[in-house]
Amino acid sequence: MKRELLFDDGDRRWVYFGRDPERPDTLIDTNEYLVIHGDKAMLPDPGGIEIFPQVAAEVSGEVAIENIEVLFASHQDPDIISSLFLWIGVCPGVRVLAPWTWTLFIPHFGSARPVTGIPDEGMTIELGKSSDIRAIPAHYVHASGMFTLYDPRAKILFSADIGAALLPETETDVFVKDFDRHVGYMEAFHRRWMPSNRAKNAWIDRVKDLDIEMMCPQHGSIFKGKDVERFLGWFQDLEVGNAV
Amino acid sequence: MSESSTLRSRVLGLHLAFERMLPFVTEAKRISVNAQVVAARLGEQGKPYAAVVVELGETASMLEDLIGQVASSFRLFVRSVADMGQQELRLHSYQRTSARIDRFPPEPWRKPENLAAAQSKFRHAIRTERARLLDSVSELARRIRDIELIVDEIRTVASRRSRFVAFVAMLESTKVEGERSEIETVSVGIGDLAERLSAASEDLRKRVRDLDEELDKLVREGHNQNIESQRGGN
Ligand SMILES: [Fe+2]
Ligand SMILES: [Fe+2]
């Protein structure tokens, strides 16, 4: 798997893993992120069953596996959280956070264990001794209950499926290099998977004034610097919900 | 022990064989009701036939009861197989994780002490899952033996009791004038049902036996693997 250190100030670290060459092509590629504060860690959207071995092995090199404190599920999709029961098997004390709408659905992936619901308005997430990471509502963008994460310290916005791109195998860059070309890889996805213009614009309003260095989607390349603004502008103008 | 695709296909085969048993209950009941009707119509003359009617009714409800027992045992069995699926998935995933960590080339960001701790954690998880899986397989083996006993009873019903009833019916029918052909129809029906039930329960038994063998094999393999993993392998 590719690995990239996105942020490190000594206390807080963001590490990216993705583009696993051994991933079967029957699976959508997902990006994995590990957020570490002190010696405690959080996995936002830890991923599906199929990629657990890759992710768990990579994470093991970065942090003691029992120090994973939080599994955050932005929404209920299988590529987001179907690995839950595998994580619980090795991190029995982990806190599982998910939109309240999905707390009774996610355990269907195979874990008879309560999931803590994030209220509609969002919340701050405690990680180690820190409590600055925020779950920002992104309802209906695309799931009916959905959150993105903002870390003001790292200035990173974890955007889940927002900003996702379905990249051809030839595009292996971790970061967006050419925004205009990148639009070609994400336009169809956003038009089809995002159901509501009103919801999409409400999310843009929530994040547009945040200080963001990087926007990290769950699929495709990471937006950095000016490309974050470009993305938000492009997304604002996009008509979504094209299947009806 | 993690290779239980044979187990799954055998469970499916057993399920299909079991489903073929279900119509026999309705058929046995129908024949029993027919026999009652015929006996009632015979009045006084039907007296000697009454014992057969009672026997038939008892046989039908015995069959219903036994097949019901197989159904509920089988439901539990299938649930345990489904639970095992998750245990297997966990075992495979942890084995793959551990193998991957083993293959990691050293990188500056990979802390060897973390990797070593993770490796021992995953190896422990592998041992735990293997032990759980073995428990589940042993539990399945116990359940299948219960099912085997019930299936044996069904075979007895099919091969002895029903044949006996059919024979008695035929015997009695020869003493009765008039309604003979109808009694004969009933008794031929019973004979035919007994024949088919016998074949179906024989098939069911064979499948239960195969499954039993498969489970025994898995238990043995599981024990061996447990011994090996306690010696330090994966
Ligand atoms: Fe999704
Ligand atoms: Fe996704």
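Residues numbered from 1 in each chain as written. Chains lettered and ligands numbered in written order. Predicted model: local features only at pLDDT ≥ 70, side-chain atom pairs only at ≥ 80, totals over all residues. Heavy atoms only, no water.

Trainee: What should I look at first to understand the sheet that holds strand β5 (residues 68–72) of chain A in this one?
Mentor: Picture the strands of a sheet paired through backbone hydrogen bonds; they go either parallel or antiparallel. Residues and elements named next belong to chain A. Taken in spatial order, the seven strands line up as β1-β2-β3-β4-β5-β6-β7 in an open sheet, and their pairing is mixed. Both edges of this open sheet fall to β1 (2–8) and β7 (116–118), since each of them pairs with a single strand only. Going across the sheet, the axis of each strand differs from the next one's by a mean of 20 degrees, ignoring polarity. Summarising the sheet, β1 and strand β2 (residues 12–18) pair through six bridges and their orientation is antiparallel. Within the sheet, the bridge partner assigned to F7 lies in β2 and is W14. Relative to the sheet, helix α1 (residues 52–62) contacts β1, β2, β3 (32–37), β4 (40–44) and β5, its axis offset from that of β2 by approximately 150 degrees. (Pairing = 2+ DSSP bridges. Helix = DSSP H or I, 4+ residues; strand = E, 2+ residues; numbered from the N terminus. Axes fitted to C-alpha atoms, helices over the stretch in contact; angles between N-to-C directions. Contact = heavy atoms within 4.5 Å.)

Trainee: Is there a simple way to think about the coordination of the iron ion (ligand 2) in this case?
Mentor: Tetrahedral coordination by four donors places them ideally at 109.5 degrees to one another around the metal; octahedral coordination by six donors ideally gives 90 or 180 degrees. Residue and element names in this part refer to chain A. Bound to the iron ion (ligand 2) on the protein side are D79 (OD), D161 (OD), Q218 (OE1) and H219 (NE2), at distances that span 2.2 to 2.3 Å. Around the iron ion (ligand 2), the four donor atoms sit at angles spanning 78 to 167 degrees, and that spread fits a shape best called irregular. Mapped onto the polypeptide sequence, the residues donating to the iron ion (ligand 2) form the spacing pattern D-x81-D-x56-Q-H. Distance-wise, the iron ion (ligand 1) is placed 3.5 Å from the iron ion (ligand 2), both being coordinated by D161. You can see D161 sitting in the loop between β11 (156–160) and α4 (179–193) and its partner Q218 sitting in the loop between β12 (214–217) and β13 (223–224), a full 57 residues away along the chain. Exposure class is identical for D161 and Q218. Each is buried. (Donors = N, O, S within 2.8 Å, 3.2 Å for Na, K, Ca; no water. Tetrahedral: all angles 85-135°; square planar, octahedral: opposite > 155°, others 65-115°. Buried < 20%, exposed > 50% of the residue type's maximum accessible area, 1.4 Å probe, protein only.)

Trainee: So what exactly am I meant to see when it comes to the interface of chain A and chain B here?
Mentor: How big an interface is tends to be expressed through the accessible area that disappears when the partners come together. Contacts between the two partners involve 26 residues from chain A and, on the opposite side, 20 residues from chain B. Counting each side, the surface lost to burial between chain A and chain B is near 2,000 Å², with a carbon and sulfur contribution of 57%. Our enumeration of links across chain A and chain B arrives at four salt bridges. With its nearest N and O atoms 3.2 Å apart, the salt bridge here joins E22(A) to R100(B). For the interface between chain A and chain B, the tally reads nine residue pairs in polar contact (both at pLDDT 80 or more). (Buried area = accessible area lost by both parts, 1.4 Å probe. Salt bridge = Lys/Arg side-chain N within 4 Å of Asp/Glu carboxyl O. Polar contact = N/O pair within 3.5 Å; in protein donor to acceptor, adjacent residues only side chain to side chain.)

Trainee: So what exactly am I meant to see when it comes to the pairing of β11(A) here?
Mentor: All names here are of chain A. Within β11, five of the five residues are buried, which leaves the element mostly enclosed by the surrounding structure. Of the two faces of β11, the one carrying I156, F158 and A160 and the one carrying L157 and S159 are both buried. For strand β10 (residues 147–151) and β11, the ladder comprises three bridges, and the chain directions are antiparallel. When the sheet's bridge partners are listed, L149 is paired in β11 with F158. As consecutive antiparallel partners, β10 and β11 are separated by four residues, and within that stretch K155 has a phi angle of approximately 55 degrees, a positive value. Pairing analysis gives four bridges linking β11 to β12, with the strands arranged parallel. When the bridges of β12 are listed, F158 appears paired with C216.

Trainee: Is there a simple way to explain the coordination of the iron ion (ligand 1) in this structure?
Mentor: At the metal site, the iron ion (ligand 1) is ligated by H75(A) (NE2), D77(A) (OD), H142(A) (NE2) and D161(A) (OD), and these contacts range over 1.9 to 2.2 Å. Written as a sequence motif, the donor arrangement for the iron ion (ligand 1) is H-x1-D-x64-H-x18-D.

Trainee: Could you clarify how one ought to interpret the packing of α4(A) against helix α6 (residues 226–237) of chain A in this entry?
Mentor: When two helices pack together, their arrangement is given by the angle between the helix axes and the distance between those axes. Residue and element names in this part refer to chain A. Contact geometry of α4 with α6 gives a least axis separation of 12 Å together with a crossing angle of 40 degrees. Classified by the angle their axes make, α4 and α6 are oblique. Of the two possible hands of crossing, α4 and α6 adopt the one that is right-handed. Of the residues in α6, those touching α4 at F179, V183, M186, E187 and H190 are D227, R230, F231, W234 and F235. Looking at the contact of α4 with α6 residue by residue, the classes come out as six nonpolar, one polar and three charged. (Parallel < 35°, antiparallel > 145°, perpendicular 65-115°, else oblique. Left-handed = near helix turned anticlockwise from the far one by under 90°. Nonpolar A, V, L, I, M, F, W, Y, C, P; charged D, E, K, R; others polar.)

Trainee: I would appreciate a short explanation of the confidence of the model for chain B in the present structure.
Mentor: Low pLDDT marks regions whose predicted coordinates should not be analysed in detail. Mean pLDDT over chain B stands at 83; residues scoring 70 or higher make up 91%. The ipTM value of the predicted complex is 0.91, and its pTM value is 0.80. (pLDDT = per-residue confidence, 0-100.)

Trainee: Could you clarify how one ought to interpret unusual backbone geometry in this entry?
Mentor: Glycine aside, the phi torsion of most residues is negative, and most peptide linkages are trans. All names here are of chain A. With an omega dihedral of 10 degrees, the bond running from V141 to H142 counts as a cis peptide bond. Looking at the secondary structure, you find H142 in the loop between β9 (130–137) and β10. Non-glycine residue Y140 carries a positive phi angle of around 70 degrees. Note on placement: Y140 falls in the loop between β9 and β10.

Trainee: What is the right way to read the pattern of salt bridges from this model?
Mentor: Here the idea is simple: oppositely charged side chains can pair when their charged atoms come close. If you walk through the whole model with that rule in mind, you get 38 salt bridges over all chains. The salt bridge partner of R100(B) is D20(A), with a shortest N-O separation of 3.0 Å. Separated into two different chains, R100(B) in helix α3 (residues 47–103) and D20(A) in the loop between β2 and β3 make up a pair that spans both. In this pair, the class of R100(B) matches that of D20(A), namely buried. A single network of salt bridges, built from pairs that share partners, joins R19(A), R23(A), D29(A) and E169(A).

Trainee: It is not clear to me how the sheet that holds β9(A) should be interpreted in this structure. Could you clarify?
Mentor: All names here are of chain A. In space, the six strands of this open sheet follow the order β8-β9-β10-β11-β12-β13, with mixed pairing throughout. Of all strands in the sheet, those with a lone pairing partner are β8 (123–127) and β13, marking the two edges. The pairing of β8 with β9 spans four bridges and is antiparallel. Note that in β9 the partner of L127 across the bridge is S130.

Trainee: Even after reading the chapter, I still don't get the pairing of β10(A), so can you show me in this structure?
Mentor: For a regular strand, side-chain orientation follows a simple rule: the groups alternate between the two sheet faces. All names here are of chain A. The buried fraction of β10 amounts to five of the five residues, a majority that puts the element mostly inside the structure. What you see with β10 is no split at all: F147, L149 and D151 on one side and T148 and Y150 on the other are buried throughout. Sheet topology places β9 next to β10; four bridges connect them, and they run antiparallel. Directly across from R134, in β10, lies its bridge partner Y150.

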